[in-house]
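An overview of the molecular structure
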Amino acid sequence: MATHFDRTKPLAGLPPKDVLDNYKPTITNKLELEAALSLIKTTFENKLKENVNLTRVSAPMFLSKTSGFNDNLNGVERPATFSPRDFPDIKLEVPFSLAKWKRWALHYYDVPVGQGIVADFRGLRCDDDVDFTHSLYVDQFDWEKVISQEDRNEDYLKNTVKQIYAALYETEQSLAKNFGIEAVLPKDIVFVSSDEALKEHPDATPKERENIYCAKHGAVFFMGIGGKKEDGTLRHDGRAPDYDDWMTNRSCGGTGLNGDILVWNPLLKQSFEISSMGIRVNPEVLIKQLELCDANERKELIWHKMLLNGTLPQTIGGGIGQSRLCQFMLRCAHIGEVQHGWYNPEEVEVLKEKNVTLLGLGEF
């Protein structure tokens, strides 16, 4: 998701002023809130597994630095790192996501084509902008599915997006029925090429382009995330070179077999990312994207060698933010209302005054 965070402004992590000035939580009872959070996560996970044909598996809390299994995100973020007491030379990293690990796990579990896995991932992102939609703590449904070489195309990507969006739509319907919160998602999601959006709105920022299309359609899949324009700036948003395929040509004329599921947030009045996903790199695309990003040294890492020698299967996968999903569904002004996190103490004081109750110790 293109960020709206501007660290040059004071208290930049707060929700928009008009939201705070008129904010009323949809659920004020703490136990009722926890029941709603449980319903959202349980319903969505079950629908996701059913629609995409996934099996839940266990997930690691840390990975070896030398394995290359950690997700590199945009390639510049610092992982939370530590050494076991008796092995000071060993570096273990709390993963940013399970983007690479999941692909190895499909090989480990010997998952056949057409089936996949999903994990309840918990991680840390020390360099994330901490604001009303971003936290240092990450919880998401990390999923991955085995596909054939013939499935590496735009139609397969779109069909998978529709399956995930159906789980999202059905979850909101269940929440509306059980807690009386008005459902706002449209029945169908609309597909938008980031290349075409750039042509149609060349002077708009990536976030402004997302807002334009989400306000119009309610739910959008922005296709083609990652890679650079001719002037060297990001085409839309950043992606690491070694998980999503962001350079393969699509039949619509755009490039990239990946994208973001975005919805229109009626409270915040802006686009709101629910998921980042895509068809993953094959060996040929990995080599090209590593070259473009000047990251050829990664070829020597264990994970990359396994992909390049054909050990790892062809896949599609992504992550769906659990707290982000709950924040949207419950029409919360701040992500801290639905997860235990840490936030700017000065902003916390403002939130208290504006009727925003952060979950657990988030207010300290």
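Look up a bit, the structure's there.
Here the structure is a predicted model, which is why all the values come from computation and not from measurement. (Residues numbered from 1 in each chain as written. Predicted model: local features only at pLDDT ≥ 70, side-chain atom pairs only at ≥ 80, totals over all residues. Heavy atoms only, no water.)

With that out of the way, let us pick up the overall build of the chain. Helix and strand counts for the chain come out as ten helices and eleven strands. Over its C-alpha trace the chain gives a radius of gyration of 20 Å, about what one expects of a compact globule, namely 21 Å for 364 residues. Out of the 364 residues in the chain, the part that is buried amounts to 54%. A separation threshold of at least 6 residues defines the contact pool for the chain, and within that pool the share at least 24 residues apart is 72%. Accessible surface, the chain as shown: approximately 16300 Å² in total, 51% of it carbon and sulfur. If you average the places of the 43 positive and of the 54 negative side-chain charges in the chain, the two averages end up 2 Å apart. (Helix = DSSP H or I, 4+ residues; strand = E, 2+ residues; numbered from the N terminus. Rg over C-alpha atoms; globule rule 2.2 N^0.38 Å. Buried < 20%, exposed > 50% of the residue type's maximum accessible area, 1.4 Å probe, protein only. Contact = heavy atoms within 4.5 Å. Areas by Shrake-Rupley, 256 points an atom, 1.4 Å probe, with all protein chains shown as cover. Lys, Arg positive; Asp, Glu negative; His and termini not counted. Charge placed at Lys NZ, Arg CZ, Asp CG, Glu CD.)

What follows is about the sheet that holds strand β3 (residues 80–82). Spatially, three strands are ordered β2-β4-β3 in an open sheet, and the strand pairing comes out antiparallel. On the outer flanks of this sheet lie β2 (63–64) and β3, each paired with one strand and no other. One ladder, built from two bridges, connects β2 with strand β4 (residues 92–94); its direction is antiparallel. Considered in β4, the bridge of Leu-63 is made with Glu-93. (Pairing = 2+ DSSP bridges.)

This next bit is on the pattern of salt bridges. Per the stated rule, a full pass over the model turns up 25 salt bridges. The closest approach of N and O atoms between Lys-49 and Glu-45, which form a salt bridge, is 3.9 Å. Of this pair, Lys-49 and Glu-45 both sit in helix α2 (residues 30–52), four residues apart, roughly one helical turn. For Lys-49, a relative accessible area of 23% translates into the label partly exposed. (Salt bridge = Lys/Arg side-chain N within 4 Å of Asp/Glu carboxyl O.)

Turning to the packing of α2 against helix α9 (residues 322–329), a few remarks are in order. As a packed pair, α2 and α9 sit with axes 10 Å apart at the nearest point and diverge in direction by 120 degrees. One element, α2, and the other, α9, form an angle in the oblique class. As α2 packs across α9, the resulting crossing turns out to be right-handed. Facing Leu-37, Ile-40, Lys-41 and Phe-44 of α2, the residues of α9 in contact are Gln-322, Leu-325, Cys-326 and Met-329. Here the residues of the contact of α2 with α9 are counted per class, giving six nonpolar, one polar and one charged. (Axes fitted to C-alpha atoms, helices over the stretch in contact; angles between N-to-C directions. Parallel < 35°, antiparallel > 145°, perpendicular 65-115°, else oblique. Left-handed = near helix turned anticlockwise from the far one by under 90°. Nonpolar A, V, L, I, M, F, W, Y, C, P; charged D, E, K, R; others polar.)

Under the 1.5 Å per step criterion, the end-to-end length of helix α4 (residues 154–179) is 37 Å for 26 residues, consistent within 8% with the ideal 38 Å. With a side-chain oxygen lying 3.1 Å from the backbone nitrogen of Asp-155, the N-terminal cap of α4 falls on Asn-153. Where α4 ends, the next residue or the one after it, Gly-180, has phi of about 70 degrees, a positive value. (Expected span 1.5 Å × (residues − 1). Polar contact = N/O pair within 3.5 Å; in protein donor to acceptor, adjacent residues only side chain to side chain.)

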